Amino acid sequence: MATTKRRLFKNPFAKTKLKEPAADKPWREYKDLKNGGWWVNNTEEWDGNDEKRKPYYKTQLENIKETTEHVLKEVDGVTAKHVNIMMLGYVQSGKSSTINSIYSVLHGKICKRAKSGSSDTSYTQRYESFPGEKELNDVVLFDIMGVEGVQNQGLMNEDIQSCINGEIEDNYLFDPRTKKKVAGNFMDQEVHCVMYCVDAESIFQEIIQPVQKRMQEIESQLRLTMQDRIVLVTKIDTICDDTKEDITKIFHSNNIKKVVERAASVFRVPLNQVFPIKNYTDETETDENKNIPLLLALQKAVDFGADYLQKTAANARRKSNQQKEVLETKEQQTEI
């Protein structure tokens, strides 16, 4: 007897229009985005003269630069020379597109540094680093092969942990047939924060279930280390027409709010660690407002990376001091 396949999740967008009325009050608030903050820096008075207008995303880039410079000066090369952030997600979730979008924000034009495209399997095959430039000079982004729902196919959990530990060298070509992939110990390759990627369209579909299981296995491994993570919800324009037309409606959209809540549940992270974004995938020019959600997410990843560096540097100094005390005690005993 034929059996009917049970739906695993209820898709709230299956029978609703994407043209949903925006809520009057945003479901997430940022003080700097109030009263026209999407366009101007609210920390400075603005007289309405466009020539003096400072786009808010410029302030965001300056804040990220300040954060990275401060933490790297504090740790003073004890643990790292850069803040390393790894993109992690299933196939076609928007990892590489996010990297390209961040470079586009930096240069004010559409850039393509990471390889991206459509494929049933991961388009990315190598473990690649993308050093930051300009205000992001102290940030390095790492792109990794996409996670597939089928176990023992494509990227293995052990591969991911090796990358996070800094044991995989740059430009490494993944080969699922190879069991041992540890290539050494590269201190400056260690990952300080992980950015999970999930696209808004698939988060409520059945296809997410096998991937969800894989990601939760990875999450269990990540809990054993001190690195933190955030979740990026990509392709939000596909679930909300208002946001597609006007990105400043992003935090007023009930559809996007539902997706963010679902992503928090799938990846088992707090709501304030989930960030909806719109990557530059079909645009021919950058947009000052579209830059802002991308940089809100990147700022949080940098903050978490900085926290990790501070903790590991403190532990390293504590261990060093303990070793010095033991050595001094031995020397004193020898003199006696």
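The structure this text deals with has already been given above.
Here the residue index of a chain counts from 1 through its sequence in written order. Residues qualify for local features only when their pLDDT is at least 70, as the model is predicted, and side-chain atom pairs are given and counted only at 80 or more; totals for whole chains, interfaces and linings, by contrast, use all residues. Note that the side-chain values use all heavy atoms of the structure and ignore hydrogens as well as water.

Student: Let's hear about unusual backbone geometry: which residues, and what values?
Tutor: Of note in this structure, K134 is not a glycine but carries a positive phi near 55°. Comment: elements are numbered from the N terminus, with helices defined as DSSP H or I runs of at least four residues and strands as E runs of at least two. Tracing the backbone through its elements, the reader meets K134 in the loop between β2 (126-131) and β3 (139-143). We note that K235 has phi near 55°; this positive angle belongs to a residue other than glycine. Within the element layout of this structure, K235 appears in the loop between β6 (228-234) and α5 (241-245). Remark: exposure states derive from per-residue accessible area (1.4 Å probe, protein chains only) relative to the maximum for the residue type, with buried under 20%, exposed over 50%, and partly exposed in between. Judged by relative accessible area, K235 falls into the partly exposed class, the value being 31%.

Student: Give a description of the nonpolar core that names residues and reports values.
Tutor: By size, the foremost hydrophobic cluster in this structure holds 87 residues, and its most contacted members are M86, L88 and Y127. Counting residues per element, this core draws most heavily on helix α7 (residues 288-335), at 12 residues. Two residues qualify as a contact provided that any one of their heavy atoms is within 4.5 Å of a heavy atom in the partner residue. Apart from residues no more than four positions distant in its own chain, M86 is found in contact with Y127, F142, I144, I160, C163, I164, V191, C193, V194 and M195. Buried Ala, Val, Leu, Ile, Met, Phe, Trp, Tyr and Cys residues form a nonpolar core when they are joined through side-chain atoms within 4.5 Å.

Student: Residues and numbers for the packing of aromatic side chains, please.
Tutor: Aromatic pairing here means that ring centres of Phe, Tyr or Trp (its six-membered ring) are within 6.5 Å. Orientation follows from the plane angle: under 30 degrees is stacked, over 60 is edge-to-face, and everything else is tilted. Scanning the model with the defined rule gives four aromatic pairs in all. When the ring of W27 is compared with that of F251, the centres are 5.5 Å apart and the planes differ by 75°; the resulting orientation is edge-to-face. Of this pair, W27 sits in the segment before α1 (56-75) while F251 is found in the loop between α5 and α6 (254-267), placing the two residues 224 residues apart along the sequence. Classification of F251 by relative accessible area gives buried; the value is 5%. A ring pair is formed by Y196 and F267, whose centres lie 5.1 Å apart and whose planes are at 25°; its orientation type is stacked. Taken together, the positions of Y196 in strand β5 (residues 193-199) and F267 in helix α6 put the pair 71 residues apart, joining distant regions of the chain. Across the pair, F267 and Y196 agree in class, each one buried. Grouping aromatic residues by their ring pairs yields a cluster made of W27, Y30 and F251.

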